Amino acid sequence: CAAGSHACVVGAGAECLNTEGSYVCVCPAGFFGTNASELCSPCPANSTSGANSSTVEACACDAGYTSASGYGPCADLDECVSGNSTCAEAGSGGVCENTVGSFTCSCAPNFFGTGHACSPCPSNSSAPAGSTQEDDCTCDAGLGRVFSPCYGTLCLQPA
């Protein structure tokens with residue numbers, strides 16, 4: 001290989017590997033081809049393969065992507081619709097937002113937390129969407145925040 005006396009088309013993605021007394025042409029990871037001495041083709045967008053893959057079927061969709069065939073072309077997987085997200089359920093205040101190749105979690109209005117787990121604001125209080133801590137919950141007009149060892153944070157009429 002180092003002497004250049006091989007038929008691997010390195011500029012077309014093929015790699016030359018020395019063997020005892022000879023060589024082999026292989027396609028690197030992310031490429032496929034049946035005759036690496038001629039051409040290695042890149043896997044379709046959003047998919048990859050192991051080294052020395054001979055067919056496009058070896059190009060598996062990347063995480064966060066899917067296709068009907070299991071290989072390219074691979075489109076964004078909507079984890080929120082497919083149930084593949086780790087967000088809290090909508091009924092528990094969770095909000096899942098699909099992003100290209102992934103997703104984000106947050107909490108709905110009047111809930112707070114990581115988005116993977118959300119807790120409701122205390123009675124008589126509210127918080128904007130995306131609140132992360134109980135302090136984001138604001139007592140309704142005319143009510144004050146009180147902490148009770150038995151009941152936690154409460155919003156009550158001032159004494």
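Here the structure is a predicted model, which means the values were calculated and not measured.

What counts, and where the lines are drawn
Residues numbered from 1 in each chain as written. Predicted model: local features only at pLDDT ≥ 70, side-chain atom pairs only at ≥ 80, totals over all residues. Heavy atoms only, no water. Pairing = 2+ DSSP bridges. Helix = DSSP H or I, 4+ residues; strand = E, 2+ residues; numbered from the N terminus. Polar contact = N/O pair within 3.5 Å; in protein donor to acceptor, adjacent residues only side chain to side chain. Contact = heavy atoms within 4.5 Å. Disulfide = S-S within 2.5 Å. Buried < 20%, exposed > 50% of the residue type's maximum accessible area, 1.4 Å probe, protein only.

Engineer: Please clarify how the pairing of strand β1 (residues 15-19) should be interpreted in this entry.
Structural biologist: Here β1 pairs with strand β2 (residues 22-26) via five bridges, running antiparallel. Each bridged residue has a counterpart across the sheet, and for N18 the counterpart in β2 is Y23.

Engineer: How should I be thinking about the side chain of S131 in this particular structure?
Structural biologist: Mapped onto the elements of the fold, S131 is located in the loop between β13 (125-126) and β14 (138-139). Within polar-contact distance, the side chain of S131 engages the backbone oxygen of P128 at 2.7 Å. With sequence-adjacent residues up to four places away left out, S131 is seen in contact with C107, F111, F112, G113 and D136.

Engineer: Would you mind showing me how to read the state of the cysteines here?
Structural biologist: By definition, a disulfide links two cysteine residues through a covalent bond between their sulfur atoms. Taken as a whole, this structure holds ten disulfides when the rule is applied. There is a disulfide in this structure between C87 and C105, and the S-S distance comes to 2.0 Å. On the S-S bond that ties C87 to C105, the torsion sits near -85°, and the link is left-handed. With C87 in the loop between α1 (79-82) and β9 (94-99) and C105 in strand β10 (residues 102-107), this pair connects stretches of sequence that are 18 residues apart. Taking relative accessible area as the criterion, C87 reaches 11% and is therefore assigned buried. Paired by a disulfide, C121 and C137 hold their sulfur atoms 2.1 Å apart. Torsion about the S-S bond of the C121 and C137 cystine: about -70°, corresponding to left-handed handedness. Taken together, the positions of C121 in the loop between β12 (118-120) and β13 and C137 in the loop between β13 and β14 put the pair 16 residues apart, joining distant regions of the chain. Taken as a pair, C121 and C137 share a single burial class, namely buried. The thiol of C150 is not disulfide-bonded; the next cysteine sulfur, from C155, is found 17 Å away.

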